[in-house]
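# Structure assessment
Spelled out, the chains give:
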Amino acid sequence: TLGNVRLSIIDLTSGQQPLSDSSGRYWIVFNGEIFNYKELREELEQGGVRFKTHSDTEVLVQLYAIQGKKCLSKLNGQFAFAIWDREEKELFLARDRVGIRPLFYNITKVAFSFASEIKAIFQLKSVSREFVPENLSQIYTFWTTITPKTAFRDVLELSPGHCLVFNRNGVKIDKFWELNFNEQFTDLSLDEATEQFNELLTSAVRLRLRAD
């Protein structure tokens, strides 16, 4: 079962979820916003993909249908999403590079469950609401638990910059991004660094102004 309660920002009228790619094989629920979705849509349309909505959600699922998890490297945005592959009976989860959007999951003998909020997972009677003292001490020390732990036993978070595959073989988690300090910037003067920072900041703000 896939469910979604949507805060509509892009494509208010036709972007309801769950939403599928054009083949109906892949179904997505998505929390977040893909800031460069217009550029990605143009690229997909040039490759022959036809869209039924104007949402960034459909761009994301269509991109995944073609490129699989490689699509993550093309995404500029904040996201937590799940895609169900009807043919392979496989679930794919991914969380943005620095964890702006939350994504929690639980595995029991009964089910695999995931949500943007832990209280949604607690709707399953098979999931206990048991605190972990060690993890609580992390909250009191660092204001949060150290990923992938949460305050509750057997409820985990998908770490920032990671993706997860769940299928008949179980769960596999991979890191798709980590922070690198590029040595090419060490020779910049203060004025050059300030100019580049201003360009990056201006571009980032411009992309985030896209909304209905």
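Residues numbered from 1 in each chain as written. Predicted model: local features only at pLDDT ≥ 70, side-chain atom pairs only at ≥ 80, totals over all residues. Heavy atoms only, no water.

## A few points about the overall build of the protein
Helix and strand counts for the protein stand at five helices and nine strands. In the protein, the succession of helices and strands from N to C terminus is β-β-α-α-β-β-β-β-α-α-β-β-β-α. Considering only C-alpha atoms, the protein reaches an extent of 55 × 45 × 30 Å along its principal axes. Looking at the protein as a whole, 38% of its 212 residues are labelled buried. Here the analysis covers contacts within the protein between residues at least 6 apart in sequence; of these, 51% occur between residues at least 24 apart. (Helix = DSSP H or I, 4+ residues; strand = E, 2+ residues; numbered from the N terminus. Buried < 20%, exposed > 50% of the residue type's maximum accessible area, 1.4 Å probe, protein only. Contact = heavy atoms within 4.5 Å.)

## Some points on the sheet that holds strand E1 (residues 19–20)
One open sheet holds the six strands; their spatial order is E1-E2-E3-E4-E8-E9, and the pairing between them is antiparallel. A single partner strand is all that each edge strand has here, and the edge strands are E1 and strand E9 (170–175). Sheet topology places strand E8 (residues 162–167) next to E9; six bridges connect them, and they run antiparallel. Across the sheet, residue Phe166 finds its bridge partner in E9, namely Val171. Packing against the sheet, helix H2 (residues 56–67) makes contact with E1, strand E2 (26–34), strand E3 (77–85) and strand E4 (90–95), and its axis sits at approximately 125 degrees to E2. (Pairing = 2+ DSSP bridges. Axes fitted to C-alpha atoms, helices over the stretch in contact; angles between N-to-C directions.)

## Observations regarding the pairing of strand E6 (residues 112–115)
Across four bridges, strand E5 (residues 104–107) lies against E6 in antiparallel orientation. Of the residues in E6, the one forming a bridge with Tyr105 is Phe114.

## Observations concerning helix H1 (residues 37–46)
Within H1 the residues assigned to the buried category are Tyr37, Leu40, Arg41 and Leu44. Around the axis of H1, the buried residues are gathered within 105 degrees of arc, so they sit on the same side. Just beyond H1, the residue with positive phi is Gly48, at close to 100 degrees. (Arc of directions from axis to C-beta.)

## Thoughts on the environment of Ser20
Relative to the elements of secondary structure, Ser20 occurs in strand E1. Its relative accessible area of 4% is what places Ser20 among the buried residues. For the pair Ser20 and Gly77, spaced 57 residues apart in sequence, the C-alpha to C-alpha distance is 20 Å. With near-sequence residues (within four places) excluded, Ser20 lies in contact with Tyr26, Trp27, Lys52 and Val61. Side chain to side chain, Ser20 and Lys52 meet in a polar contact 3.3 Å long. (Polar contact = N/O pair within 3.5 Å; in protein donor to acceptor, adjacent residues only side chain to side chain.)

## Focus on the packing of aromatic side chains
One pass over the structure, following the stated rule, counts eight aromatic pairs. Judged by centre distance (4.9 Å) and plane angle (85 degrees), the ring pair of Phe122 and Phe152 falls under edge-to-face. Linking Phe122 in the loop between helix H3 (118–121) and helix H4 (133–142) with Phe152 in the loop between H4 and strand E7 (156–157), this pair joins segments that are 30 residues apart in sequence. By the burial criterion, Phe122 is buried, and Phe152 matches it. Consider the rings of Phe131 and Phe152, whose centres lie 5.0 Å apart with planes at 25 degrees: the pair is stacked. With Phe131 in the loop between H3 and H4 and Phe152 in the loop between H4 and E7, this residue pair connects regions lying 21 residues apart in the sequence. Site record: aromatic cluster; members linked through ring pairs are Tyr26, Tyr64, Phe79, Phe81 and Phe92. (Phe/Tyr/Trp six-rings, centres within 6.5 Å; stacked < 30°, edge-to-face > 60°.)

## A short note on the side chain of Gln78
Residue position: Gln78 is located in strand E3. Gln78 gets classed as buried once you look at its relative accessible area, which sits at 17%. Among the polar contacts made by the side chain of Gln78, one reaches the side chain of Arg101 at a distance of 3.2 Å. In this view, Gln78 contacts Phe30, Asn31, Gly32, Glu33, Phe35, Asp96, Ile100 and Arg101; residues no more than four positions away in its chain are not counted.

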